[in-house]
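# Reading the structure
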Amino acid sequence: MTTEDNMAKKPGSSGFAPAVLPTASTTIFTGSADIQCSETSIPTQGDNMPAFHARPKQASGALPVVMVVQEIFGVHEHIRDICRRLAAEGYLAIAPELYFREGDPADYDDIPTLLQELVSKVPDAQVLADLDHVANWASRNGGDMRNTAITGFCWGGRICWLYAAHNPQLKAAVAWYGKLVGEKTLKQPKQPLDIAVDLNAPVLGLYGGKDDSIPQESIALMRQALRAANADAEIVVYPDAGHAFNADYRLSYHQESAQDGWQRMLAWFKRAGVTPEG
C-alpha cells in the first residue's frame, strides 16, 4: 500500500493551529480503513505527555517506529496527518506534544507571539529527554526500539539533528527545513552545526533553495562540517522550494519538492533498516 492510495484533498481548517488559519486548498487528509489512530499519554520526567499515534491495523510482530516532531504549531492536524501517512506505509508513528509543560500553541493566533511567549521557553534538554521516553513507550506498545527513526519539520527539523547526536540507539533521522545555525541560549546551548561531529545516526536534511529563514550560507557551513566529521549525512536542497514546502495546508507548499522529499525519507529509513519489510 502506498501513501498516495490514502490521500485525498480535504478543504476546511478543523484541527489546525489558529496561527496558520485559514488553510490552503491543497490541504491533504489521509484516511484509510487500514490504519488506526488514537491519543495517548506518555510518562516522562514525572509528567504525563499527550501524544498522537497511528499504526497499521493489520501487523504481525513489532513495528518499525518513527517519532514525528512538530512544527512550531504543535501537534495540529498536519502533524497528525503525517503520522497517518507513515502508518499507511507500515510504521508506528508517534507525535508527542513537546510544549505541553510550557503552554498550548492553540492559544496563539499569530506566529511572532507564539515564538516569543511559548516556543522560546522550551529547553532542548527537556525535549531530548522527552523523546527518549517516547521511544521507550513505543517499545512497550507494539514498536521495535531497535528500529526507530525520527523526522521533524521546521522547529522539529532542528530537533532531529540534535536528537541524532543524543540517542546512540537511533537508526535514522530526516530533518525537514530545520535551522542549522542560530543564537545560543541557556535553553538552546547548541545548534546543529555544533553537533555535526557527534551524530550517532545517519541524517538526511531536506531544504528549500528559496527559504529566506535558512540562508544557503548556513547550509554550506553545515555541509562543510559534516564532511569534516566524515558524518553519514546528506543535505538535499530543492531550488524552487521555500520554507515549509511540505506543509500542504499553507501557501508555502511545493508539491513536487514535497513528494520527492517524502520518497527520499522512506528510502533513507529503508537504507538504515527502519522499514516494515526489514
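Residues take numbers from 1 onward in each chain, read along the sequence in its written order. Predicted model: local features are reported for residues with pLDDT of at least 70 only, side-chain atom pairs are reported and counted for 80 or more only, and whole-chain, interface and lining totals are derived from all residues. Computation of side-chain values: all heavy atoms of the structure, hydrogens and water removed.

### Some words on empty space enclosed by the protein
Note the following rule: With a 1 Å grid laid over protein atoms only, a set of points is called a cavity when a 1.4 Å probe fits there but cannot get out and a pocket when it is open yet has protein on both sides within 12 Å along at least five of seven lines; lining residues have an atom within 4 Å of a point. Grid points are joined across faces, edges and corners, and a volume is the space filled by probe spheres set on the points. Residues are sorted three ways: Asp, Glu, Lys and Arg are charged, Ala, Val, Leu, Ile, Met, Phe, Trp, Tyr, Cys and Pro are nonpolar, and all the rest, Gly among them, are polar.
What the rule picks out here adds up to 1 cavity of 30 Å³ or more. One number sums up the size of the largest cavity: a volume of about 40 Å³. For the lining of the largest cavity, the per-class residue count stands at 3 nonpolar, 3 polar and no charged.

### A few points about the layout of surface pockets
Counted as a void, the largest pocket has a volume near 600 Å³. When grouped by side-chain class, the residues that make up the lining of the largest pocket number 10 nonpolar, 8 polar and 5 charged.

### Description of the pattern of salt bridges
Pairs can form between side chains of opposite charge once their charged atoms are near each other. Using the following cut-off: Any carboxyl oxygen of Asp or Glu that lies within 4 Å of a side-chain nitrogen of Lys or Arg is treated as forming a salt bridge with it. The secondary structure listing takes helices from DSSP runs of H or I that are at least 4 residues long and strands from runs of E that are at least 2 residues long, numbered from the N terminus. Three labels apply to residues, based on accessible area from a 1.4 Å probe with only protein chains included: buried if under 20% of the type maximum, exposed if over 50%, partly exposed otherwise in between.
For the structure shown, the criterion picks out 13 salt bridges. Across the pair Arg85 and Asp81 runs a salt bridge whose closest N-O atoms are separated by 2.7 Å. A residue pair is termed a helical-turn pair when its members lie 3 or 4 positions apart in one helix, as Arg85 and Asp81 do in helix 1 (residues 77-88) at 4 residues. Residue Arg85 shares its accessibility class with Asp81, and that shared class is buried. With a closest N to O distance of 2.8 Å, Arg85 and Asp248 form a salt bridge. Residue Arg85 is found in helix 1, and its partner Asp248 is found in the loop between strand 10 (233-238) and helix 6 (255-271); the two are separated by 163 residues along the sequence. With respect to burial, Arg85 and Asp248 carry one shared label: buried. Through salt bridges with shared partners, a single network forms among Glu39, Glu77, Arg80, Asp81, Arg84, Arg85 and Asp248.

### Some thoughts on the confidence of the model for the chain
Selection rule: Confidence of the prediction at every residue is given by pLDDT, a number between 0 and 100. Whether two residues touch is decided by their heavy atoms; if any such pair falls within 4.5 Å, the residues are in contact.
Taken residue by residue, the chain gives an average pLDDT of 93. The fraction at 70 or more is 94%. Low pLDDT, under 50, characterises residues 1-13; the stretch is placed with 31 contacts to residues that sit more than four places away or in other chains.

### Looking at the packing of aromatic side chains
Under the convention used in this document: Aromatic pairing here means that ring centres of Phe, Tyr or Trp (its six-membered ring) are within 6.5 Å. Orientation follows from the plane angle: under 30 degrees is stacked, over 60 is edge-to-face, and everything else is tilted. Criterion for a charge above a ring: Lys NZ or Arg CZ within 6 Å of the ring centre, and within 35 degrees of the ring normal.
One pass over the full model with this rule turns up 9 aromatic pairs. Judged by centre distance (5.4 Å) and plane angle (65°), the rings of Tyr238 and Phe245 are edge-to-face. Take Phe245: its relative accessible area is 0%, and that puts it in the buried class. Between Arg271 and the ring centre of Trp268, over which it is positioned, the NZ or CZ distance is 4.5 Å.

### What about the nonpolar core?
Defined as follows: Residues belong to a common nonpolar core when they are buried Ala, Val, Leu, Ile, Met, Phe, Trp, Tyr or Cys residues joined through side-chain atoms within 4.5 Å.
By size, the foremost hydrophobic cluster in this structure holds 90 residues, and its most contacted members are Val68, Leu86, Trp155, Trp161 and Phe269. Per-element tally for this core: the top contributor is helix 4 (residues 155-166), with 8 residues. Beyond its immediate sequence surroundings of up to four residues, Trp155 is in contact with Val69, Gln70, Glu71, Ile72, Leu98, Tyr99, Val119, Val122 and Val127.

### A look at the packing of helix 1 against helix 6
Note the threshold: Orientation is described by lines fitted to C-alpha atoms, with helices fitted over the stretch in contact, and by angles between N-to-C directions that extend from 0 to 180 degrees. Throughout, the term roughly parallel applies to angles under 35 degrees, roughly antiparallel to angles over 145, roughly perpendicular to angles from 65 to 115, and oblique to all others. A clockwise turn of the near helix away from the far one marks a right-handed crossing, whereas an anticlockwise turn of less than a right angle marks a left-handed crossing.
Contact geometry for helix 1 and helix 6: axes closest at 13 Å, N-to-C directions at 55°. In terms of their interaxial angle, helix 1 and helix 6 are classed as oblique. As helix 1 runs across helix 6, the sense of the crossing is right-handed. Between helix 1 and helix 6, the residues in contact are Ile82, Arg85 and Leu86 and Trp262, Met265, Leu266 and Phe269, respectively. Here the contact of helix 1 with helix 6 is built from residues that sort into 6 nonpolar, no polar and 1 charged.

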